[in-house]
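In case you want the letters, here they are:
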Amino acid sequence: MQEFCEKMACMKLGSKTDAFKRQGQAWFCTTGLPSDIVVEVGEMSFHLHKFPLLSRSGVMERLIAEASEEGEEKCSICLPDIPGGAKTFELVAKFCYGVKLELTASNVVYLRCAAEHLEMTEEYGEGNLITKTETFLNQVVLRNWKDSLRALQTCDDIISYDEELNVTKRCIESLAIKASTDPNLSGWPIMEYGGPMQSPGGSVLWNGISTGARVKNTSSDWWYEDASTLSFPRYKRLIAVMESRGIRQEIIAGSLTFYAKKYLPGLNRCLGATDTNSSTCVAPVALEAPPSEEDQKLLLEEIDRLLPIQKGLVSTNFLFGLLQTALILRVSPSYISNFEKRIGMQLDQATLEDLLIPNFSCSMETLYNVDCVQQILEHFLAMDQIIGGASPSLVDDGQITASPSLTPVTLVAKLIDGYLAEVASDVNLKLPKFQALAASVPDYSRPLDDGLYRAVDIYLKSHPWLSESEKEQLCRLMDCQKLSLEACTHAAQNERLPLRIVVQILFFEQLQLRTSITGCLLVSDNLDGSRQSGVAGPTERGWASTARENQVLKVGLDNMRTRVSELEKECSNMKQEIERLGRVKSFTWGNVSKRFGFKLKSRMCSAQEGSISNQNTESRKNEKLKDRQGQHKKNSTPKSR
């Protein structure tokens, strides 16, 4: 034994890495002494010596003692459960033989767990493997972002040791601290991404010499890409620790967006080029093995749980992408409903392209998923009521009193009207479904019904087989009083509309013109009254300007009176024709329009100021001429004394 120890001491003094040789699936230690133990680790065999192993490991000491009791000169030991497998045990064996061990962030976790498994404590030699690996973890790895990340990536294979050693927990806490710290103050990215140090003045040092280069400022999303390299269980734990440390919700949401775009291949196709949020953009990543459909489903469900429920943290376009991906993967309806609720919270930020969700159902009744948009709209309206967005009340003069939530609701109403116009051309879209979506929008949210009229007109054009009663039922969605003059002009000549609706439109157009005339008369009377009372501009030039405006208004009123008279005649003729046609079995609107020759065009209340100014000039010339004639008569009269 003493002779063996002396030879081992000589071997350690001159030991080198090349003392270990591999031959196929076996490792041999070429020390000049025949091996007396074979250690089986997986498919690899290690032909070693007993003394170096038992002098460093409590487990090896017991196993060698048990094998020696059997009386065999060369014992065999099997280690099936050693962390890291044969590659890690090779490093452990070299450490036992005194070969200098190179610790890195990639192998320190395996070595730390293997040392714990083999009981390589200080009882079996000073500076044993547990002490060395623990010191390296605390003083090197956990102080560095990149090393902490690499160490955490290796923790997936040592789950059984995680509870006892807390290696995963310590790595995650280290990453969370660094990610939640201002990188411009701590300098994490500079030290982790290449190793150059930073001088107190802020310049980068190389071998202690200032290079003159300044440290580049880093935004709060600098860690997104690195964190996305973690497996989802580790990434999920990292996000949970960061939330517990109070990191801002928008940063968490940005990281989740980055992770989802990387591991959900269908998401980037759904988003297309419309998502311009640069802080969360990620180029398509060529993954070694794309996640399976089941893994993508699980990832979608976890993202729904982790995303903060707060308006505006992620883009509406991204939420629509998650919803479309969930529909494609046929995720559980509860998660689809959650995505619809998230979108409903910020529907006023969506675009028409976002709403055009293809129908992925097997029936393929319609081109776009109208039911999904209906649910999103209902969630938005319910949220609007909870926030306090009551419908605006009408005051005496008919003006709408705006509420704080009127603007978002108005935006959504315009968006839905555009969506209705887009899907109206689908011949498979049933009338009840179209009506239900159009009627879901509150009446007060539409200042004008021009957009709704356009959608109704497109639907009538694409569904010519509708009966007259169905057409009238569809047109009742519109409020004829809320159509602009341009829309009224178009509707009056629209042969697709039912005759009863056209008559109503003409009637309300006449009322609009009457109201406009009344308003103009009131303005004219006020101008005349102010002129007589002397409450006018400070100069005569102001009087002249007021007079011209008054004359322009009067000319416009004459034109409007003429227009009202024409409309009254047309309405009277329409009523007579309707009464006559009521006794006829069949008729068409085309015959009515040809009979009366309706070609209604909007006429603007305008006057030629040039003609008015010319009249004023002629009147001034006549007055001057009269003055000259009077002066001439006065001079020609003989003087009487």
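Every residue gets a number counted from 1 within its own chain, in the order that chain's sequence is written. The predicted nature of this model means local features are confined to residues of pLDDT at least 70 and side-chain atom pairs, given and counted, to a pLDDT of 80 or more, with totals for whole chains, interfaces and linings taken over all residues. Think of the side-chain values as coming from all heavy atoms in the structure, minus any hydrogens and water.

Each helix corresponds to a stretch of at least 4 residues labelled H or I by DSSP, and each strand to a stretch of at least 2 residues labelled E; elements are numbered beginning at the N terminus. With respect to the element layout, Arg342 can be found in helix 18 (residues 333-345). We call two residues contacting when some pair of their heavy atoms lies within 4.5 Å. For Arg342, the contacting residues outside a window of four places in its chain are Asp304, Leu307, Pro308, Ile309 and Leu319. Among the polar contacts listed, one links the side chain of Arg342 to the backbone oxygen of Asp304, at a separation of 2.8 Å. Within the structure, the side chain of Arg342 is placed 3.0 Å from the backbone oxygen of Leu307, a separation counted as a polar contact. N or O atoms within 3.5 Å of each other form a polar contact, as long as, within protein, one can give a hydrogen and the other can take it, and as long as residues adjacent in sequence are counted only when both atoms are side-chain atoms.

Now for the pattern of salt bridges. Throughout this description, the term salt bridge denotes a Lys or Arg side-chain nitrogen within 4 Å of a carboxyl oxygen of Asp or Glu. Within this structure, the stated rule accounts for 20 salt bridges. The partner of Asp156 in a salt bridge is Arg234, with the nearest N and O atoms 2.8 Å apart. Placement of the pair is Asp156 in the loop between helix 7 (145-153) and helix 8 (159-165) and Arg234 in helix 13 (residues 232-244), with a sequence separation of 78 residues. A salt bridge links Arg496 to Asp457; the nearest nitrogen and oxygen atoms lie 3.0 Å apart. Placement of the pair is Arg496 in the loop between helix 25 (485-492) and helix 26 (499-533) and Asp457 in helix 23 (residues 450-462), with a sequence separation of 39 residues. The exposure class assigned to Asp457 is buried, which follows from its relative accessible area of 12%. Exposed residues in this analysis have more than 50% of their type's maximum accessible area, buried residues have under 20%, and partly exposed residues fall in between, with area computed by a 1.4 Å probe over protein chains only.

Most of strand 3 (residues 37-41) sits out of view: four of its five residues are buried. Relative to strand 4 (residues 44-48), strand 3 is paired through five bridges, and the arrangement is antiparallel. Bridge pairing links Val39 to Phe46 in strand 4. Strands were regarded as paired on the criterion that DSSP finds at least two bridges between them. Connecting strand 3 to the next strand, strand 4, in antiparallel fashion are two residues, including Gly42 with a positive phi near 65°.

This part covers the sheet that holds strand 3. The strand order across the open sheet built from five strands is 1-2-4-3-5, with neighbouring strands paired in mixed fashion. Among the strands making up the open sheet, the edge pair consists of strand 1 (20-23) and strand 5 (75-78). Pairs of neighbouring strands in the sheet enclose a mean axial angle of 20°, with direction left out of account. Where helices are involved, their axes are fitted lines through C-alpha atoms of the stretch in contact, as for all axes, and angles between N-to-C directions lie from 0 to 180°. Against the sheet, helix 3 (residues 58-68) contacts strand 3 and strand 5, and its axis sits at roughly 135° relative to strand 5. On top of the sheet, helix 4 (residues 85-96) reaches strand 1, strand 2 (26-29), strand 3 and strand 4; it is set at about 10° to strand 4, its chief contact.

On to the pairing of strand 4. Burial analysis of strand 4 places five of its five residues in the buried class, which makes it a mostly covered element. Residue alternation in strand 4 divides its side chains into two sets, Met44, Phe46 and Leu48 and Ser45 and His47, and both sets are buried. Sheet analysis places strand 2 next to strand 4, joined by three bridges and oriented parallel. Looking across to strand 4, one finds that Phe28 is bridged to His47.

Helix 24 (residues 468-475) packs onto helix 22 (residues 431-440) with a crossing angle of 15° between their chain directions and a minimal axis gap of 10 Å. Relative to helix 24, the element helix 22 lies roughly parallel. For the crossing formed where helix 22 meets helix 24, the hand is left-handed. For the pair helix 22 and helix 24, the contacting residues are Leu431, Phe434 and Gln435 in the first and Glu470, Gln473 and Leu474 in the second. Here the nonpolar group is Ala, Val, Leu, Ile, Met, Phe, Trp, Tyr, Cys and Pro; Asp, Glu, Lys and Arg are the charged ones; every other residue, Gly included, is treated as polar. Among the residues forming the contact of helix 22 with helix 24, the class breakdown is three nonpolar, two polar and one charged. Any angle between 65 and 115 degrees counts as roughly perpendicular, while under 35 counts as roughly parallel, over 145 as roughly antiparallel, and the rest as oblique. Helix crossings get a hand from a simple test, with the near helix turned counterclockwise from the far one by less than a right angle marking a left-handed crossing and a clockwise turn marking a right-handed one.

This next bit is on the nonpolar core. Counting residues in each nonpolar core, the largest one holds 153 residues, and the members touching the most others are Leu48, Trp223, Leu322 and Leu347. The dominant element in this core, judged by the number of residues it contributes, is helix 21 (residues 406-423), at nine residues. The residues contacting Leu48, other than those within four sequence positions of it, are Phe20, Cys29, Ser35, Asp36, Ile37, Leu53, Phe89, Ala93 and Tyr97. To form a nonpolar core, buried Ala, Val, Leu, Ile, Met, Phe, Trp, Tyr and Cys residues must be joined to one another through side-chain atoms within 4.5 Å.

Turning next to the confidence of the model for the chain. Confidence along the chain averages 76 in pLDDT terms, with 66% of residues attaining 70 or more. Averaged over each element, pLDDT in the chain is lowest for helix 1 (residues 2-13) (41) and highest for helix 6 (residues 129-139) (95). Contacts of residues 186-203 to residues separated by more than four positions or lying in other chains number 41 contacts, the stretch itself having pLDDT below 50. Predicted confidence for residues 276-286 stays below pLDDT 50, and this span has 15 contacts to residues more than four positions away or in other chains. Summary of the metric used: pLDDT quantifies the predictor's per-residue confidence within the range 0 to 100.

Note on aromatic contacts: the rings of Phe and Tyr and the six-membered ring of Trp form a pair at centre separations within 6.5 Å, being stacked when their planes are under 30 degrees apart, edge-to-face when over 60 apart, and tilted otherwise. Per the stated rule, a full pass over the model turns up nine aromatic pairs. Centre to centre, the rings of Tyr235 and Tyr259 are 4.2 Å apart; their planes meet at 20°, and the pair counts as stacked. Of this pair, Tyr235 sits in helix 13 while Tyr259 sits in helix 14 (residues 249-263), and the two are 24 residues apart along the sequence. Grouped by ring-pair contacts, the aromatic residues Phe232, Tyr235, Tyr259 and Tyr263 constitute a single cluster.

Among the structural elements, Thr316 can be located in helix 17 (residues 316-329). Sequence separation of Thr316 and Gln349 is 33 residues, and the distance between their C-alpha atoms is 6.6 Å. Sequence-distant contacts of Thr316, defined by excluding residues within four places in its chain, comprise Ile343, Gln346, Gln349 and Ala350.

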